[in-house]
Amino acid sequence: MNTDKFQYSKLTDKKDIQQLGSILEQCFIMSSGDSEIYIPRIGVENLRAIYQNQRVVGGLGIVPMGQWWGGECVPMTGIAAVGIAPEYRGSGAAIALIQNTVQELYHQEVPISVLYPATQRLYRKAGYEQAGSYCTWEISTDNIHFKEPSLPLQPVDAKNYLIFQDLYQQQAKLTHGYLDRHSAIWQGLTQPDGRETVYGYLIGDQDQPQGYIILTQERTQDGVNLKVRDCAMLTNAAVKTFWSFIANHRSQIDKVQWKSSIVDSLTLLLPEQTAKITQHQRWMLRIINLVKALELRGYPPGVSAELHLEVTDNLLAANNGKFILSVANGRGEITTGGKGELQLNIGGLAPLYTSLFTPQQLQLTGKLHATQTALLAATQIFAAPSPAMVDFF
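The shown structure was predicted, so the numbers you read here are calculated from the model rather than taken from an experiment. (Residues numbered from 1 in each chain as written. Predicted model: local features only at pLDDT ≥ 70, side-chain atom pairs only at ≥ 80, totals over all residues. Heavy atoms only, no water.)

Engineer: Please provide a residue-by-residue account of the side chain of Thr136, values included.
Structural biologist: Structurally, Thr136 is set in strand β6 (residues 129-140). Here the side chain of Thr136 touches Gln279 through a polar contact of 2.8 Å, side chain to side chain. Not counting chain neighbours up to four residues away, the residues in contact with Thr136 comprise Gln257, Trp258, Lys259, Lys276, Ile277, Thr278 and Gln279. (Helix = DSSP H or I, 4+ residues; strand = E, 2+ residues; numbered from the N terminus. Polar contact = N/O pair within 3.5 Å; in protein donor to acceptor, adjacent residues only side chain to side chain. Contact = heavy atoms within 4.5 Å.)

Right under this line is the structure:
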């Protein structure tokens, strides 16, 4: 497919920004004018557009953030709001937009990029692959049995998200795949949508809180739901207080929803296995700069191993070739060369990097080919909990 007919650029002209806003509103079934709220939130400077004959035919947002891997925060750029005008779909505009974005990120020396796919086929063509989970859990309040909170709760103004940031970061550092959030994500969590009210609570003493809860309530045809928009709990007492607080809503609330990983430790405190996953999808990751991505993440501190990689990348030539990943004391170092005992393309490297699948599972599905020695080394190096995010962008 010929993509040379398209031009990729930042947006500076006001009419072009409005045109992209109209495209995004149609693509994402927004109300008229919603893009005027969304675009300033992520920043006009973070918009990118694809043009044909000097006309905006689509675009996206790039969101600079970080992502926690093995206790280390790796710089990451999120790709958000990818939209192509309906009359240009199937023309090659979308793949031209994504490939140009990947190349721009490489020139910016960004190690990794993450997105939520509307269609996997498009993003796989650009080197993205499944890398982690995003789950919505639900439970009836009748199935939560906690009587007394262990800690006090302090109501706070949720709009002042700086109150929560340090607590979130402490939890994120310990959670494989969590984000170092962009301000746009914090605003989305703490700002009301429509008529709803956002409530915020600190768990514990206000001077030394041990967690927080941000929530909303809504009436539906099936009853009244409490939605936990965000939460962090750093101690066992905070977890018990969380469940006690939620249980105390049972006289008015029918169901509670929250975001978590596919294996949620919060459910271990419930008396029965009554909490269920109601939504599960996988986000995708691309290795943009192979050397930086592998050297900046953390590794199991007790592992000392060497992995000989051979990687192919059809878009970014610098990622092609043989590399040796040497891991010791929780850190990794890359040198060029080696035996190439574990062979894979740049897409196959993503779920290995994030530990979504084991090396054996990736070999079984044809995502890599390796010797037994390399499989053993990779299993030790990339051993980690199942990766997850609680943020959608």
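Engineer: Pulling in residues and values, what's your account of a nonpolar patch on the surface?
Structural biologist: On the surface, Ile262, Val263 and Ile277 cluster together into a nonpolar patch covering about 250 Å² of accessible area. Position of Ile277 among the secondary structure elements: in strand β13 (residues 276-287). (Patch = residues over 30% accessible without salt bridge, like charges linked within 9 Å, V, L, I, M, F, W, Y side chains within 5 Å. Areas by Shrake-Rupley, 256 points an atom, 1.4 Å probe, with all protein chains shown as cover. Salt bridge = Lys/Arg side-chain N within 4 Å of Asp/Glu carboxyl O.)

Engineer: Describe the packing of aromatic side chains, naming the residues involved and giving the relevant values.
Structural biologist: Considering all chains together, one arrives at 16 aromatic pairs under this definition. Arranged with centres 6.3 Å apart and planes meeting at 50°, the rings of Trp69 and Trp283 form a pair that is tilted. Of this pair, Trp69 sits in strand β3 (residues 55-69) while Trp283 is found in strand β13, placing the two residues 214 residues apart along the sequence. With a relative accessible area of 0%, Trp283 lands in the buried category. Measuring from ring centre to ring centre gives 5.6 Å for Tyr168 and Trp186, while their planes differ by 85°; the resulting arrangement is edge-to-face. Here Trp186 lies in helix α6 (residues 183-190) and Tyr168 lies in helix α5 (residues 162-173), a separation of 18 residues in the sequence. Using a relative accessible area of 1% as the deciding quantity, one classes Tyr168 as buried. (Phe/Tyr/Trp six-rings, centres within 6.5 Å; stacked < 30°, edge-to-face > 60°. Buried < 20%, exposed > 50% of the residue type's maximum accessible area, 1.4 Å probe, protein only.)

Engineer: Please provide a residue-by-residue account of the side chain of Glu129, values included.
Structural biologist: Mapped onto the elements of the fold, Glu129 is located in strand β6. Taking relative accessible area as the criterion, Glu129 reaches 5% and is therefore assigned buried. At 3.0 Å, the side chain of Glu129 and the side chain of Arg124 are in polar contact. Excluding residues within four positions of it along the chain, Glu129 makes contact with Arg124, Trp283, Met284, Leu285, Gly347, Ala350, Pro351 and Lys367.

Engineer: Got a sec to walk through helix α3 (residues 93-107)? Specific residues and values, please.
Structural biologist: Every α-helical turn comprises 3.6 residues, leaving residues that sit three or four positions apart pointing alike. Between the first and last C-alpha of α3 there are 21 Å, a value that for 15 residues agrees with the 21 Å anticipated at 1.5 Å per step. Where α3 terminates, the next one or two residues include Glu109, which has phi positive at roughly 65°. (Expected span 1.5 Å × (residues − 1).)

Engineer: Lay out the sheet that holds strand β16 (residues 331-336) with the relevant residues and their values.
Structural biologist: Sheets are built from strands that pair by backbone hydrogen bonding, the pairs being arranged parallel or antiparallel. The strand order across the open sheet formed by 5 strands is β16-β15-β14-β17-β18, and the pairing between neighbours is mixed. Each edge of the open sheet carries a strand with a single partner, namely β16 and β18 (368-370). Adjacent strand axes in the sheet meet at a mean angle of 25° when their direction is disregarded. In this sheet, strand β17 (residues 342-345) lies alongside strand β14 (residues 305-312) in parallel orientation, the contact comprising 4 bridges. Bridge pairing in β17 links Val311 to Leu344. On the sheet, helix α9 (residues 346-354) packs against β14 and β17 and is oriented at approximately 110° with respect to β17. This element, helix α11 (residues 372-381), spans β14, β15 (321-328), β17 and β18 of the sheet and lies at about 105° to β14. (Pairing = 2+ DSSP bridges. Axes fitted to C-alpha atoms, helices over the stretch in contact; angles between N-to-C directions.)

Engineer: Could you give me a rundown of α9, with the residues and numbers involved?
Structural biologist: When you tally the buried positions in α9, you get 9 out of 9 residues, the bulk of the element. Among the residues of α9, Ile346, Gly347, Gly348, Leu349, Ala350, Pro351, Leu352, Tyr353 and Thr354 are the ones counted as buried. Backbone nitrogen of Gly347 and a side-chain oxygen of the N-cap are separated by 3.1 Å at the start of α9; the cap is Asn345. Just downstream of α9 lies Ser355, where phi reads positive at about 70°.

Engineer: So what's going on with the pattern of salt bridges? Residues and values would help.
Structural biologist: Using the criterion set out here, one finds 11 salt bridges in the structure. When the shortest N-O distance is used, the salt bridge between Asp193 and Arg229 registers 3.5 Å. On the criterion of sequence distance, the pair formed by Asp193 in the loop between α6 and β9 (199-204) and Arg229 in strand β11 (residues 223-233) is long-range, its members being 36 residues apart. One salt bridge connects Glu218 with Lys227, and the closest N-O pair in it is separated by 3.2 Å. The class of Glu218 is partly exposed, set by a relative accessible area of 28%. Look at the salt bridges and you will find they share partners, linking Arg124, Glu129 and Lys367 into a network.

Engineer: So what's going on with unusual backbone geometry? Which residues, and what values?
Structural biologist: Positive phi outside glycine occurs at Asn53, with the angle close to 55°. You can see Asn53 is positioned in the loop between β2 (47-52) and β3.

Engineer: So what's going on with the environment of Trp186? Which residues, and what values?
Structural biologist: On the basis of relative accessibility, which here comes to 2%, the residue Trp186 falls in the buried class. Residues Trp186 and Asp313, 127 residues apart in the sequence, show an inter-C-alpha distance of 34 Å. In contact with Trp186, other than residues within four places in its own chain, are Tyr161, Phe164, Gln165, Tyr168, Arg181, Tyr212 and Asp230.

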